[in-house]
Amino acid sequence: AVVSTQSTGMRDSPSCAVLIHNIQTGTSQKPFNKSKGLVQQVAFHPNKPFFFVLSQRYVRVYNLVKQAMVRKLVCGVKWASCMAVHPKGDNVIVGSYDKSLIWFDMDLSTKPYKSLQQHKKAVRDVCFHPRLPLYSSVSDDCSAIVTHGMVYDDLVKNPLIVPVKVLRAHKAGSKYGVLSNVFHPNQPWLFTGGADGDIWLYV
């Protein structure tokens, strides 16, 4: 899926269109007739036909087969910046420009399960490890924080969230810090990219 921004002609009122591209057929479709606010990020569910759309204050979850919204998660922050969907699909992390990390357990509620204040500046990116119970967040404070985030198969047990390590290697100097991060698909390795032009690998 690709997010493209279309200007409405008003500086303070941009609208964003979400386009979904079919790689096999080479076709594209616009799933929404109306703007869903200023779209920050989109993501697919790992094994269901669900589509997550992060706007400034909400995560809307759509069933692409039924073409209907099935959930609306309330972030409770001023401005969300990024989102990651857990590999099992029922938990979502949202980062915000006001330094918050919001964990949603969609089996429990449409409101946050946990609100974490681990960073000193805006959160720029979050990601889950595809195989291990880890997630990472990066920020303009030039840090990457790796956290143990265990999601249990037993629905009676709530997710376990324990910070593991604060990583600092990127240089400060501009108003931006670490902009992106991604885990290795198999190993417990983390890659980060910063505004300083460097890419770091942590093992």
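Everything numeric here is computed off the predicted structure, so don't read it as measured data.

Chemist: What exactly am I supposed to notice about the sheet that holds strand β8 (residues 80–85) here?
Modeler: Strand pairing in a sheet is mediated by backbone hydrogen bonds. Such pairs are either parallel or antiparallel. One open sheet holds the four strands; their spatial order is β8-β9-β10-β11, and the pairing between them is antiparallel. In the strand order of this sheet, the two ends are held by β8 and β11 (114–116), each with one partner. Put simply, the sheet's adjacent strands are angled 20° from each other on average, direction ignored. One ladder, built from five bridges, connects strand β9 (residues 91–96) with strand β10 (residues 101–105); its direction is antiparallel.

Chemist: Please clarify how a nonpolar patch on the surface should be interpreted in this entry.
Modeler: Together, Trp189, Leu201 and Val203 give the surface a local cluster of nonpolar side chains, amounting to about 310 Å² of exposed area. Structurally, the position occupied by Leu201 is in strand β18 (residues 199–202).

Chemist: I would appreciate a short explanation of the sheet that holds strand β15 (residues 160–168) in the present structure.
Modeler: With respect to topology, four strands assemble into an open sheet ordered β12-β13-β14-β15, the strand pairing being antiparallel. Of all the strands in the sheet, just β12 (123–128) and β15 have a single pairing partner and so form its edges. For this sheet, the mean inter-axis angle between neighbouring strands, taken without regard to orientation, is 20°. Pairing between strand β13 (residues 134–139) and strand β14 (residues 143–150): five bridges, direction antiparallel. Bridge pairing in β14 places Leu134 opposite His148.

Chemist: When you look at the packing of aromatic side chains in this model, what are you seeing that I'm missing?
Modeler: This model, assessed by the stated rule, comprises four aromatic pairs. Sitting over the ring of Tyr58, Lys72 keeps its end group 4.3 Å from the ring centre. Here Lys157 stacks its cationic end above the ring of Tyr152, 5.1 Å away from the centre of that ring.

Chemist: Teacher, can you tell me more about unusual backbone geometry here?
Modeler: If a residue is not glycine, its phi is most likely negative; likewise, a peptide bond is most likely trans. Within the chain, Gln67 stands out as a residue other than glycine whose phi angle is a positive 55°. Here Gln67 lies in the loop between β6 (58–63) and β7 (68–74). Look at Gln67 and you get exposed, because its relative accessible area is 69%. The phi torsion at Lys99 lies on the positive side, around 75°, for a residue other than glycine. Judged by its relative accessible area of 34%, Lys99 is partly exposed.

Chemist: Please clarify how the side chain of His129 should be interpreted in this entry.
Modeler: The topology assignment puts His129 in the loop between β12 and β13. A polar contact of 3.2 Å, which involves the side chain of His129, links it to the backbone oxygen of His184. Excluding residues within four positions of it along the chain, His129 makes contact with Pro87, Leu134, Phe183, His184, Pro185, Asn186, Gln187 and Pro188.

Chemist: Looking at this structure, how should I read the pairing of β8?
Modeler: Across a regular strand the side chains alternate sides, sitting on one face of the sheet and then on the other. Within β8, six of the six residues are buried, leaving the element largely enclosed by the surrounding structure. In the sheet, β8 pairs with β9 via five bridges, with the strands oriented antiparallel. Within β9, the position partnered with Ala80 by the bridge is Ser96. Here β8 folds back onto β9 in antiparallel fashion, the turn holding five residues, of which Gly89 has a positive phi close to 95°.

Chemist: Could you clarify how one ought to interpret the pairing of β18 in this entry?
Modeler: One ladder, built from four bridges, connects strand β17 (residues 190–194) with β18; its direction is antiparallel. Following the sheet pairing, Phe191 is matched in β18 by Leu201. Between β17 and β18, which pair antiparallel one after the other, the connecting turn spans four residues, and Gly197 there sits at a positive phi close to 90°.

Chemist: Can you help me understand the environment of Asn186 in this one?
Modeler: Residue placement: Asn186 occurs in the loop between β16 (178–183) and β17. Taking relative accessible area as the criterion, Asn186 reaches 43% and is therefore assigned partly exposed. Measuring from C-alpha to C-alpha, the distance between Asn186 and Pro130 comes to 7.5 Å, with 56 residues separating the pair along the chain. Non-local contacts of Asn186, meaning those with residues more than four positions away in its chain, are made with His129 and Arg131. Within the structure, the side chain of Asn186 is placed 2.8 Å from the side chain of Arg131, a separation counted as a polar contact.

Definitions and cut-offs
Residues numbered from 1 in each chain as written. Predicted model: local features only at pLDDT ≥ 70, side-chain atom pairs only at ≥ 80, totals over all residues. Heavy atoms only, no water. Pairing = 2+ DSSP bridges. Helix = DSSP H or I, 4+ residues; strand = E, 2+ residues; numbered from the N terminus. Axes fitted to C-alpha atoms, helices over the stretch in contact; angles between N-to-C directions. Patch = residues over 30% accessible without salt bridge, like charges linked within 9 Å, V, L, I, M, F, W, Y side chains within 5 Å. Areas by Shrake-Rupley, 256 points an atom, 1.4 Å probe, with all protein chains shown as cover. Salt bridge = Lys/Arg side-chain N within 4 Å of Asp/Glu carboxyl O. Phe/Tyr/Trp six-rings, centres within 6.5 Å; stacked < 30°, edge-to-face > 60°. Lys NZ or Arg CZ within 6 Å of the ring centre and 35° of its normal. Buried < 20%, exposed > 50% of the residue type's maximum accessible area, 1.4 Å probe, protein only. Polar contact = N/O pair within 3.5 Å; in protein donor to acceptor, adjacent residues only side chain to side chain. Contact = heavy atoms within 4.5 Å.

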